[in-house]
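# Inside the fold
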Amino acid sequence: MIEEQDPKRLAQIALVVLMIVGCVAVLLPFIGAVLFAFVVWVCTWRLYADRLLPVLGGRDTLGASLMTLALVLVMLLPTIFLAGSLANGADKLIDFLKPHIEHGMPVNSPAWLSGLPFVGSEIDATWHRIASSREELNGVVRQLIVPARRFALALGGIAANGLLQIALVLFVVFFLYRDGAAVSHALLVGSRKLGGDLGEHMLEKARGTVVGVMLGIVGTAAAQGAVATAGFLIVGVPAAVLLGFATFFLSMIPVGPPLIWGGVAAWLYSEGQIGWAIFMVLYGLFVISSIDNFVKPILMARGAGLSILLIALGVLGGVLVFGFIGIFLGPVLLALGEMLLRRWIREEIHP
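A short tour of the structure in this document, coming up. Values in this document were obtained by computation on a predicted structure and should not be read as measured data.

### Digging into the overall build of the protein
- Secondary structure summary: the protein contains 13 helices and zero strands in total.
- Buried positions account for 31% of the 351 residues belonging to the protein.
- Summarising the internal contacts of the protein: among those between residues at least 6 apart in sequence, 67% fall at separations of at least 24.
- Just so you have it, the protein exposes about 21400 Å², and 72% of that area is on carbon and sulfur atoms.

Listed below in structure tokens is the structure:
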């Protein structure tokens, strides 16, 4: 027999489910930015609540404004500077290639290029064939125009999307700072209702994991970027600060830094500075790239420990799913998943 309250209860459940689905659908385009805003808020909340708010006399709006302004200086301005530097570099590349396209290429390839082992002779023959025939050169240029245009459009789209995502993160995190006490209380009450003391404990462990992952990834990237910038300044490479920023961003990808310092070493070799090229390779191997093996474990020890495998999978998978924000978000999600899995296995072994 169906009781009179059952249809009403089912209607209430259906209404709640529909509301949840509707909220998820509305927030879905911004879910990556919103989650990353929560990550930034969790990592900096103690600094804001314990250090900044007491100085300001507990004025939440002023404190949130100052904290958001600090994040703008740290996150948004370097990204704009990097995008402008990339655009400037593209203009210089076009200015460099324009005379060769208009007046033709030199007949002989550079000595360092033709002297490469195994492939140097093939490259030299291809270079000579293209340089000696205007039709060959025009054909190569036509083949490269479409992929270059697509690459430029894709790169511009990625840069614009990254700036938009960061701006949205800063917008959301302002309200998280301003209403942080209420948000913290709501999370605590929700965790207690869902899991009692266990839920509260899991919430605290989640916070520690988030802080540990962020310290490990961002701290290591900052250290590698600073050391790389110093090395680039020593060897006198152009745009050393820009390359340092690029090293910082690519340091969050497992094989990122060698792409930068390896390219610098190749450029030095092409310029005939063989000694500096050897120095750059040794400096990159034993200083820049080795920081990841020493700094990251120390920083990760402050939170929940994570294996390098999870970090690599989290970064790569996060970038594919969430874009630029996924560099930070992916490892955090995997860290929380690993923590819950370990807890569940432990409870199964010791019922």
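After that view, the rundown keeps rolling.
### Some points on helix α10 (residues 274-288)
- Compared with the 21 Å implied by 1.5 Å per residue over 15 residues, the 20 Å span of α10 between its first and last C-alpha is a close match.
- Among the residues of α10, A277, M280, Y283, G284 and I288 are the ones counted as buried. Looking straight down α10, one finds that the buried residues subtend no more than 125° of arc, so they occupy a single side. Exposed side of α10, more than 90 degrees from the buried face: G275 and F286 are the residues found there.

### Considerations on the packing of helix α8 (residues 240-250) against helix α9 (residues 256-270)
- One way to put it is that α8 packs onto α9 with a least axis distance of 7 Å and a crossing angle of 155°. What the angle tells us is that α8 and α9 run roughly antiparallel. The two elements α8 and α9 cross, and the hand of that crossing is right-handed. Where α8 approaches α9, its residues L243, A246, T247 and L250 are matched on the opposing element by G256, P257, I260 and V264.
- When the residues that make up the contact of α8 with α9 are grouped by side-chain class, the tally is six nonpolar, two polar and no charged.

### Examining a nonpolar patch on the surface
- A surface patch of nonpolar side chains, amounting to about 780 Å² of accessible area, comprises V16, I20, V24, V26, L27, L28, F30, I31 and L35.
- Of all the secondary structure elements, the ones that give two or more residues to the nonpolar patch are α1 (5-27) and α2 (31-55).
- Broken down by element, the residue count for the nonpolar patch peaks at five residues, all from α1.
- Structurally, the position occupied by L35 is in helix α2.

### Topic: α2
- An ideal rise of 1.5 Å per residue puts 36 Å on 25 residues; α2 measures up with 33 Å between its terminal C-alpha atoms.
- When the local axis directions of α2 are compared, the greatest deviation, roughly 55°, occurs at T44.
- Within α2, the full set of buried residues consists of G32, A33, V34, F36, A37, V39, V40, W41, T44, W45, Y48 and L53.
- One or two steps after α2, the chain reaches G57, where phi turns positive at roughly 70°.

### A closer look at the packing of α9 against α10
- In contact at an axis separation of 7 Å, α9 and α10 are set at 165° when each is read in the N-to-C sense. In terms of orientation, α9 and α10 fall into the roughly antiparallel class. Between α9 and α10 the crossing geometry is left-handed. Touching P257, W261, V264, A265, L268 and Y269 of α9 are I274, W276, A277, M280, V281, G284, L285 and I288, all from α10.
- Class assignment of the residues belonging to the contact of α9 with α10 gives a composition of 13 nonpolar, one polar and no charged.

### Points about the environment of W267
- The topology assignment puts W267 in helix α9.
- A relative accessible area of 34% places W267 in the partly exposed class.
- Considered as a pair, W267 and A277 are ten residues apart in the sequence and their alpha carbons are 7.9 Å apart.
- With near-sequence residues (within four places) excluded, W267 lies in contact with V237 and P238.

Conventions and cut-offs
Residues numbered from 1 in each chain as written. Predicted model: local features only at pLDDT ≥ 70, side-chain atom pairs only at ≥ 80, totals over all residues. Heavy atoms only, no water. Helix = DSSP H or I, 4+ residues; strand = E, 2+ residues; numbered from the N terminus. Buried < 20%, exposed > 50% of the residue type's maximum accessible area, 1.4 Å probe, protein only. Contact = heavy atoms within 4.5 Å. Areas by Shrake-Rupley, 256 points an atom, 1.4 Å probe, with all protein chains shown as cover. Expected span 1.5 Å × (residues − 1). Arc of directions from axis to C-beta. Axes fitted to C-alpha atoms, helices over the stretch in contact; angles between N-to-C directions. Parallel < 35°, antiparallel > 145°, perpendicular 65-115°, else oblique. Left-handed = near helix turned anticlockwise from the far one by under 90°. Nonpolar A, V, L, I, M, F, W, Y, C, P; charged D, E, K, R; others polar. Patch = residues over 30% accessible without salt bridge, like charges linked within 9 Å, V, L, I, M, F, W, Y side chains within 5 Å. Salt bridge = Lys/Arg side-chain N within 4 Å of Asp/Glu carboxyl O. Bend = angle between axes of the 7 residues up to and from the residue.

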